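Here are the chains, one letter per residue:
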Amino acid sequence: MGQRLSGGRSCLDVPGRLLPQPPPPLPPVRRRLALLFAMLCVWLYLLVYSCAGSCAAAPGLLLLGSGSRAAHAPPAPGPDGSPPRLPFPASPATQSAAGEEMAEGAASQEEQSPETPDSPSPISSFFSGSGSKQLPQAIIIGVKKGGTRALLEFLRVHPDVRAVGAEPHFFDRSYDKGLAWYRDLMPRTLDGQITMEKTPSYFVTREAPARISAMSKDTKLLVVVRDPVTRAVSDYTQTLSKRPDIPSFESLAFRNRSAGLVDRSWSAIQIGLYAEHLERWLRHFPARQMLFVSGERLVRDPAGELGRVQDFLGLKRIISDKHFYFNQTKGFPCLKKAEGSGRPHCLGKTKGRPHPEIDVQVLRQLRDFYRPFNRKFYQMTGHDFGWD
């Protein structure tokens, strides 16, 4: 042990010479960068796994946008492997009536049912945007030519409202495509945001109340209503712009003009029987879940009416007078800044078109016809809209 090796080294020095030396420590900057990179990799892995892998492994959970699990779960396929049938098939009457309610011109895209979208991969869904797609918590269900497009565009200014632009027509025309297809039409939302859509024909579709209730009994419903006589003339004006050869308003509105017998089967007249349509909705939804927006007040005082809407939806009152200016040419308010734009925005050229001249006596007869229905509607909603 005490002998010394050549070179004057002790045998005790030999093991230390043979052992590997530890690497020199990393500089502080490189050490911090390496730690940051490792943390970033772990964060990305956890995020992709939670947002993509879990959703792909359990696609049924994607349907739980609102309401109960059972309400949103897709129906089971038939015993023979055929596609599942939903409990409320569209009736021929509904399909034929829906054809009369197509929009025109620049708004034609809003009225078309979107095609079935391709199912995105989990990774592409993750990188395409933040948030998730939910079934709507609020729907503008009517009425046609009442001001539904204006209400939707005004609401989209609110940072906590996300709405699909085109009218899905799911509960009246595309119900057989299923809730997964419907949900995939919706925009992505973050926590605290509301998903919305608007399809005015829902209000007059007999199957729509039960179908929306089956999706979620907690859905909030908005109905924009307007003087039914003015609404009927506006409805006729839209049809006339597409089919200039149609009969006169008077001949369509009356079965017997001299006897004052109004033709209730004409859709332009039938839509304005608000009390009759509302009775069907109240069988499936309590009145507290429905808000009736005045189409006239939406023009005169958009900020005031939007205040009621924001309160109803549980939103902070952000939309105010500062968001609007009155367009003298069109005769209704426009947005100073639209969603995602710094420019003023008015509705399309199909909105605010002049109405044809209608005989005053014809309008008086129609007001007499609608008066009892209007008064019943006032009682049902607890609000006098002043149409009489």
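Residues numbered from 1 in each chain as written. Predicted model: local features only at pLDDT ≥ 70, side-chain atom pairs only at ≥ 80, totals over all residues. Heavy atoms only, no water.

- Labelled according to an unreviewed UniProt entry, the protein chain appears under the name Sulfotransferase, originating from Bos indicus x Bos taurus.
- UniProt lists a comment for the protein chain under the heading Sequence similarities (unreviewed entry), and it reads "Belongs to the sulfotransferase 1 family."
- If you open the UniProt record of the protein chain and go to Subcellular location (unreviewed entry), you find "Golgi apparatus membrane". (UniProt positions renumbered as here; feature names shortened; annotations may be inferred.)

1. Details of the side chain of Thr237
Reasoning step 1: Structurally, the position occupied by Thr237 is in helix α10 (residues 228–242).
Reasoning step 2: Not counting the four nearest positions on each side in its chain, Thr237 is found in contact with Arg353, Pro354, His355 and Pro356. (Helix = DSSP H or I, 4+ residues; strand = E, 2+ residues; numbered from the N terminus. Contact = heavy atoms within 4.5 Å.)

2. Here's the deal with helix α15 (residues 302–312)
Reasoning step 1: Burial of α15 is extensive: nine of the 11 residues sit out of reach of the surface.
Reasoning step 2: When we look at burial in α15, the residues that qualify are Pro302, Ala303, Gly304, Glu305, Leu306, Gly307, Val309, Gln310 and Phe312.
Reasoning step 3: Directly after α15, the chain includes Gly314, whose backbone phi takes a positive value near 75°. (Buried < 20%, exposed > 50% of the residue type's maximum accessible area, 1.4 Å probe, protein only.)

3. Describing the nonpolar core
Reasoning step 1: In this structure, Ile141, Phe171, Tyr182, Ile212, Trp281 and Phe377 are the most contacted members of the largest nonpolar core, which totals 34 residues.
Reasoning step 2: Those elements giving two or more residues to this core turn out to be β2 (138–142), α8 (179–185), α9 (208–215), β6 (220–225), α13 (274–282), β9 (290–294) and α16 (360–381).
Reasoning step 3: Excluding residues that lie within four positions of it along the chain, Tyr182 makes contacts with Leu135, Pro136, Ile139, Pro168, Phe170, Phe171, Glu197 and Met215.
Reasoning step 4: Within the second largest apolar cluster, 28 residues are counted, among which are Ala138, Leu152, Phe154 and Val161. (Core = buried A, V, L, I, M, F, W, Y, C linked by side-chain atoms within 4.5 Å.)

4. Digging into the packing of aromatic side chains
Reasoning step 1: Per the counting criterion, the structure on display carries 23 aromatic pairs.
Reasoning step 2: Relative to Phe324, the ring of Phe154 lies with its centre 4.8 Å away and its plane at 80°, an arrangement referred to as edge-to-face. Here Phe324 lies in strand β10 (residues 324–327) and Phe154 lies in helix α7 (residues 148–155), a separation of 170 residues in the sequence.
Reasoning step 3: Accessibility expressed as a relative area gives 4% for Phe154, which makes it buried.
Reasoning step 4: What links up through ring pairs into an aromatic cluster is the set Phe170, Phe171, Tyr175, Trp181, Tyr182 and Tyr202.
Reasoning step 5: Over the aromatic face of Phe312 sits the side chain of Lys220, whose NZ or CZ is 5.5 Å from the ring centroid.
Reasoning step 6: Sitting above the plane of the Phe254 ring, Arg257 keeps its charged end 5.9 Å from the centroid. (Phe/Tyr/Trp six-rings, centres within 6.5 Å; stacked < 30°, edge-to-face > 60°. Lys NZ or Arg CZ within 6 Å of the ring centre and 35° of its normal.)

5. Structural notes on the state of the cysteines
Reasoning step 1: With the rule as written, the count across this model stands at one disulfide.
Reasoning step 2: The side chain of Cys334 participates in a disulfide bridge whose partner is Cys346; the two sulfur atoms lie 1.7 Å from each other. The chirality of the disulfide connecting Cys334 with Cys346 is right-handed, given an S-S dihedral of about 105°. Of this pair, Cys334 sits in strand β11 (residues 332–335) while Cys346 sits in the loop between β11 and α16, and the two are 12 residues apart along the sequence. (Disulfide = S-S within 2.5 Å.)

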